[in-house]
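What the coordinates show
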Amino acid sequence: MADILAFPERRPAAQPQLRAVPQSTAAYNRNQLIYASEAFAAALAETCGSLRFTNDGNALDETSAICSGETLQSALTGIMHLLNLRGMAEDAALRRSIRHWLERNGGHRG
C-alpha cells in the first residue's frame, strides 16, 4: 500500500493592506468610471448601429455617426475620463491632443 504524504503546514497568504480612500477621491473615481462607461457605451451603440446599417446593404455617408465624427468623439471622451483616472504625466501629450480634437469638433459629450 502506498504511503500517505503529509504536506508541510502552510500559512495563509497575507492579505494586501488596503488603505482607506478619502470619500472625495472615491467619488471622483466612481464618477470618472461612470462617464467613461457612458461614453464607450455610446461609441459602441453608434458602431453597432452603423454595422447593422451596412449589413442591410447600405453604405455609410456623412450623416452616419462614424463618418460625422460622433463615434470618435464618444470614444475620445471615454479615453479622456480614463486618462483623468490614471493621472500620469507621460499622458500629457495625449491628453492635450484629445482635448484639442474635442474642442475643435464639438466638445465633450455627456
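Residues numbered from 1 in each chain as written. Predicted model: local features only at pLDDT ≥ 70, side-chain atom pairs only at ≥ 80, totals over all residues. Heavy atoms only, no water.

**Details of the packing of helix α1 (residues 23-55) against helix α3 (residues 70-86)**
Contact pair α1 / α3: the axes reach a minimum separation of 8 Å and the direction vectors enclose 160°. The orientation of α1 relative to α3 falls into the category roughly antiparallel. Read as a crossing pair, α1 and α3 show a hand that is left-handed. Of α3, the residues touching α1 (which contributes Tyr-28, Asn-29, Gln-32, Leu-33, Tyr-35, Ala-36, Ala-39, Phe-40, Ala-42, Ala-43, Glu-46 and Thr-47) are Glu-70, Thr-71, Ser-74, Ala-75, Thr-77, Gly-78, Ile-79, His-81, Leu-82, Asn-84 and Leu-85. Taken together, the residues of the contact of α1 with α3 break down into twelve nonpolar, nine polar and two charged. (Axes fitted to C-alpha atoms, helices over the stretch in contact; angles between N-to-C directions. Helix = DSSP H or I, 4+ residues; strand = E, 2+ residues; numbered from the N terminus. Parallel < 35°, antiparallel > 145°, perpendicular 65-115°, else oblique. Left-handed = near helix turned anticlockwise from the far one by under 90°. Contact = heavy atoms within 4.5 Å. Nonpolar A, V, L, I, M, F, W, Y, C, P; charged D, E, K, R; others polar.)

**Brief notes about a nonpolar patch on the surface**
Together, Leu-33, Phe-40, Ile-79, Leu-82 and Leu-94 line one region of the surface with nonpolar side chains, adding up to about 400 Å² of accessible area. For the nonpolar patch, the secondary structure elements donating two or more residues are α1 and α3. By the element assignment, Leu-82 lies in helix α3. (Patch = residues over 30% accessible without salt bridge, like charges linked within 9 Å, V, L, I, M, F, W, Y side chains within 5 Å. Areas by Shrake-Rupley, 256 points an atom, 1.4 Å probe, with all protein chains shown as cover. Salt bridge = Lys/Arg side-chain N within 4 Å of Asp/Glu carboxyl O.)

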